[in-house]
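One letter stands for each residue in the lines below.
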Amino acid sequence: MTDDPRHAVVDRIVEGVAVLLVDPDEQEHHLPADQLPPGAGEGAWLLVTGEASDLRVVGHDSAGEAERRAQQEERLARLRRTRRGGRFS
C-alpha cells in the first residue's frame, strides 16, 4: 500500500462513479463520486493515497491544477504565435 500522496485527475464521472487517472502512469481507478471533495468534478486534480480497491482522496491538488493550467495557457499562446494563416484564420 502506498501512503505517499500521488496526483490524480478526475477524468470523468459516469453514473455516480468517478474515473481517476493516477500518476505516475495514469492508471485508471474507480471511486464512488460521493467520496470526492466538495466541488471536485471532471478535470479536478486531487491527491490520493492507497492502491486500487483502497484508494482514498486526501485533498485537492491546487498546485497541480495551477501548474497544468499555466502549461495549457503557454501551449495556446505558442499555437497563436505560430499560426500561419489558414482558411480558418
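Residues numbered from 1 in each chain as written. Predicted model: local features only at pLDDT ≥ 70, side-chain atom pairs only at ≥ 80, totals over all residues. Heavy atoms only, no water.

A. Representation of the pairing of strand β1 (residues 6-14) in the model. Bridge count between β1 and strand β4 (residues 45-49): four bridges; the pairing is antiparallel. Looking across to β4, one finds that Ala 8 is bridged to Leu 46. Summarising the sheet, β1 and strand β2 (residues 17-22) pair through six bridges and their orientation is antiparallel. Bridging from a neighbouring strand, Arg 12 pairs with Val 19 of β2. In sequence, β1 turns back onto β2 through a hairpin of two residues, with Glu 15 there showing a positive phi of about 50°. (Pairing = 2+ DSSP bridges. Helix = DSSP H or I, 4+ residues; strand = E, 2+ residues; numbered from the N terminus.)

B. Region of the structure containing the pairing of strand β3 (residues 27-32). As paired strands, β2 and β3 are joined by six bridges and run antiparallel to one another. Looking across to β3, one finds that Leu 20 is bridged to His 29. Connecting β2 to the next strand, β3, in antiparallel fashion are four residues, including Glu 26 with a positive phi near 55°.

C. Summary view of the pattern of salt bridges. Tallied over the entire structure, the rule returns four salt bridges. The residue Asp 11 makes a salt bridge to Arg 12 at a minimum N-O spacing of 2.3 Å. Across the salt bridge formed by Glu 74 and Arg 81, the nearest N and O atoms sit 3.4 Å from each other. On the basis of relative accessible area, Glu 74 is assigned to the partly exposed category, the value being 37%. Residues joined by salt bridges that share partners form a network here, namely Asp 11, Arg 12 and Glu 28. (Salt bridge = Lys/Arg side-chain N within 4 Å of Asp/Glu carboxyl O. Buried < 20%, exposed > 50% of the residue type's maximum accessible area, 1.4 Å probe, protein only.)

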